[in-house]
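# Fold and geometry: a report
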Amino acid sequence: MPSGLDIANTLKYFSQTLLSLLKEVREVPFEMIKSQQFDGERMALYPNLDYKQLYNALTQLVDVVPLIHIGLQAFGKALLQCLACLLPFLDHDLIDNLSYLTASTISVLPMELHEEIVNYLCFYILPFTITRRIEASGKNAASQSVAAVIMMVFQYSNNPAHHCQLLECLMALKPGVVKDILCVVAYGTAPARASAAKLLFYYWPSFNPNLFDRRAVLVKFANDLTPFVCQRDSCPNAGNAEAGKVCYDHRISITFATESPPPLYLCIECANEIHREHPNQMFYDILHPMQQVSMVCENKNCRAADKSAISICFSTECASYNGNHPIRYCQQCHNIRHNNRRGGDHVYHMALPHISQLDPQTQTYMVQAIVRQALF
Ligand SMILES: [Zn+2]
Ligand SMILES: [Zn+2]
Ligand SMILES: [Zn+2]
Ligand SMILES: [Zn+2]
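The shown structure was predicted, so the numbers you read here are calculated from the model rather than taken from an experiment.

Below, the discussion takes up the coordination of the zinc ion (ligand 4). The zinc ion (ligand 4) binds to the protein through Cys 313 (SG), Cys 318 (SG), His 338 (NE2) and His 346 (ND1), with metal-donor distances spanning 2.1 to 2.3 Å. Angles of 102 to 116° at the metal separate the four donor atoms of the zinc ion (ligand 4), which places the site in the tetrahedral class. The sequence pattern describing where the donors of the zinc ion (ligand 4) fall on their chain is C-x4-C-x19-H-x7-H. Pair noted here: Cys 318 is in helix H16 (residues 316-319) and His 338 is in the loop between helix H17 (331-337) and strand S6 (348-350), with a separation of 20 residues, a long-range link. Neither Cys 318 nor His 338 differs from the other in exposure class; each is buried.

Viewed as axis vectors pointing N to C, helix H1 (residues 4-24) and helix H4 (residues 51-64) meet at an angle of 150°, and their least axial separation amounts to 13 Å. Viewed along their axes, H1 and H4 adopt a mutual orientation that is roughly antiparallel. Here H1 and H4 pass one another in a crossing that is left-handed. Contacts between H1 and H4 pair Ile 7, Leu 11, Phe 14, Leu 18 and Leu 21 from the former with Tyr 51, Leu 54, Leu 58 and Leu 61 from the latter.

Our focus in this paragraph is the sheet that holds S6. Strand order in the open sheet formed by three strands is S5-S4-S6, and the pairing between neighbours is antiparallel. Edge positions in the sheet fall to strand S5 (327-329) and S6, since each of these pairs with one other strand and no more. Strand-to-strand twist of the sheet, defined as the mean angle between neighbouring strand axes without regard to direction, takes the value 20°. As defined by bridge partners, strand S4 (residues 311-313) adjoins S6 across three bridges and the pair is classed as antiparallel.

Reading the values: the criteria
Residues numbered from 1 in each chain as written. Chains lettered and ligands numbered in written order. Predicted model: local features only at pLDDT ≥ 70, side-chain atom pairs only at ≥ 80, totals over all residues. Heavy atoms only, no water. Donors = N, O, S within 2.8 Å, 3.2 Å for Na, K, Ca; no water. Tetrahedral: all angles 85-135°; square planar, octahedral: opposite > 155°, others 65-115°. Helix = DSSP H or I, 4+ residues; strand = E, 2+ residues; numbered from the N terminus. Buried < 20%, exposed > 50% of the residue type's maximum accessible area, 1.4 Å probe, protein only. Axes fitted to C-alpha atoms, helices over the stretch in contact; angles between N-to-C directions. Parallel < 35°, antiparallel > 145°, perpendicular 65-115°, else oblique. Left-handed = near helix turned anticlockwise from the far one by under 90°. Contact = heavy atoms within 4.5 Å. Pairing = 2+ DSSP bridges.

Structure below.
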C-alpha cells in the first residue's frame, strides 16, 4: 500500500490537470451545468479523456481509506479537492452521485477534515448538483439524496456548527428540504435523529416552539461557526477575511486561485480589486450564516400589528435587507415580498401545514418521527 502522501501527490496532479483543461474552455461550463439539457454540449468542451474512470477510481479510494495510516490528512484534502475539480467534467449520473460520495468521506476521514468536507459540500458541490434542471422525464437524484447527505454529516460530525452550516446551505437551495429533515428524524441513527429534530425546532418558523427551549440551542450553535474565507491566492488579508462575494467565471477563478476548483469566493477587498481589472465580470453576494433565530419579523419597516415570524427567506434579494443574512418575515411582510409580481423565485420556508394536509410520503415521515419519539 503506498502512503497517503504518495496518493495525495497523484491526486493533486489530476486536479491540476483538470483545472488546466478547464481554463482552456472559452464557454461557460458553470452556467451550462445548471441544466441537464446542456450536458452533451458541456461535455464536448473538453478533450476526450476518461473522466468517468477517474471518478470510479476516487470512489474506490474512499473504500481503502481505512488502510491508509501515513499521510491520511494530506490524502483526504487531495481527494476532496479532486472530487470538486472533477464536477464540471461529469455527466448526469455521476453529478447525481457526487454530493453523497463527498458526504460519505466523513465516515472515514479524520475529524480534522470534517470542516473541509462540509465546506466542499456547501460551497463547491451542492450549489451545482441539487438545483440542476432535469429533463422532463427524469428526477433530480442529487436532490433526492439530500436526506442521505444530512444523515452522513449529522452522524459522523459531532460539531453542531457543521450541522447548522449544512442545513443553512440546503435551506438556501432547496424549498422542500423540511421533508429531508423529517426523513432524517424518522429514519436516521440516534445522533443524526436527535440533531435533525433540534434543528427543525431551531430553524423552522412556528414549529411548536412550546415544546422546546430555543435558547439552549441558540447558545450551543452560535459558537464556533468558522467563517469561510477568501480563496484568492494573494489575498492581502491572507486567509483571514470572510468571503462575501462569489465569481462563477471559471477562468477568473483559476487565475486567482490556482489550486481551487471554481467558483471563486472572495473577500470584499479582493472582489473590488479583481472587478477593477475585469469590469465585465459579475461578483455576486453570498449569504452569511444566520446570526440568531428571531421570533419576530426582521423587516426594519414592518408595520404589521402581529409581528410574529412565519417565514424565513434565503434569497440574496431579501437577505440584502438584512446584511446578507437570511431574513424572517411576519405574514404581512411575507405577502408583500413574495407574491405573483415579485419574489416568485425566492427560496423560503414556512411552518409545516397540519399533518392531514401533507403529501403521503411526508405524512409517513412525520408519523415515523413521532413514533420514534424524537419530536414530541
Ligand atoms: Zn481576499
Ligand atoms: Zn455576516
Ligand atoms: Zn413584518
Ligand atoms: Zn424573499
